[in-house]
Structure formats: C-alpha cells, structure tokens
Amino acid sequence: MCGLPAAGKSTLSAALLRDGAKELLPRLAPFGVSAVRVFWLSFDDVLGNLAAACGHTGYSPELWHQARDSVLRSVRHHFGVACGD
C-alpha cells in the first residue's frame, strides 16, 4: 500500500491484518474463493531495522535503497512461491 503520509495506510493495514480474512471470506465465497490470507510487510520496519543494525540515526539514501531492494525481493519471493513459480 502506498500513499501520502498520515493518510491511514497503517491503520487500514492493521485492520486488514486483524480482521481481513474473517470479514472478506463471506463476501468472496459466492465467487468461489475458499480462503483469504493477509500478510504484513512494512517498509518502515525494514528500513528501521537496517538503520539500527548499521548504527544510522538519520536518513540515508543508501539504506533506503537497501530497504527497498529487500522489500521487493520479499514480495517477489512470496508471490513467486504462492503462484507456484
């Protein structure tokens, strides 16, 4: 999920993670959906963990790119495995 700061992305994501599967499945079942899984991967958490591991306290373009690459690898891996690739 991407969007403006303070637009509610984290709040919506937390609600989807908490209630998404049980709320969505009844609405999707008539369309043949038998299961719903919700995953959480936070770019901010990845960036924060990298910064902490490297001892950075401010913004670092290099760490931002490393965090972005890490998140993209994780998403590709997840969907590659989930799709049978």
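Residues numbered from 1 in each chain as written. Predicted model: local features only at pLDDT ≥ 70, side-chain atom pairs only at ≥ 80, totals over all residues. Heavy atoms only, no water.

Trainee: Where do I start with the overall build of the protein chain in this structure?
Mentor: Assigned secondary structure in the protein chain consists of three helices and zero strands. From first element to last, N terminus to C terminus, the protein chain shows the α and β order α-α-α. Radius of gyration (C-alpha) of the protein chain: 16 Å, far over the 12 Å computed for a compact globule of 85 residues. If you line up the protein chain on its principal axes, its C-alpha atoms span 50 × 35 × 20 Å. Split into buried and exposed, the 85 residues of the protein chain put 13% on the buried side. Of the contacts formed within the protein chain by residues at least 6 apart in sequence, a portion of 30% connects residues at least 24 apart. As displayed, the protein chain offers around 6700 Å² of accessible surface, 60% of which is attributable to carbon and sulfur atoms. Side-chain charges in the protein chain split into 8 positive and 7 negative, and the spacing between the mean points of these groups amounts to 5 Å. (Helix = DSSP H or I, 4+ residues; strand = E, 2+ residues; numbered from the N terminus. Rg over C-alpha atoms; globule rule 2.2 N^0.38 Å. Buried < 20%, exposed > 50% of the residue type's maximum accessible area, 1.4 Å probe, protein only. Contact = heavy atoms within 4.5 Å. Areas by Shrake-Rupley, 256 points an atom, 1.4 Å probe, with all protein chains shown as cover. Lys, Arg positive; Asp, Glu negative; His and termini not counted. Charge placed at Lys NZ, Arg CZ, Asp CG, Glu CD.)

Trainee: What is the right way to look at the environment of Val71 in this model?
Mentor: Here Val71 lies in helix H3 (residues 61–82). A C-alpha to C-alpha distance of 25 Å links Val71 and Leu24, two positions 47 residues apart in sequence. Setting aside residues no more than four positions away along its own chain, Val71 makes contact with Leu41, Phe43 and Val46.

Trainee: It is not clear to me how helix H1 (residues 9–28) should be interpreted in this structure. Could you clarify?
Mentor: In an α-helix, one full turn covers 3.6 residues, which means residues spaced three or four apart are oriented alike. Between the first and last C-alpha of H1 there are merely 23 Å, a value that for 20 residues lags more than 12% behind the 28 Å anticipated at 1.5 Å per step. The principal kink in H1, of about 70°, is found at Asp19. (Expected span 1.5 Å × (residues − 1). Bend = angle between axes of the 7 residues up to and from the residue.)

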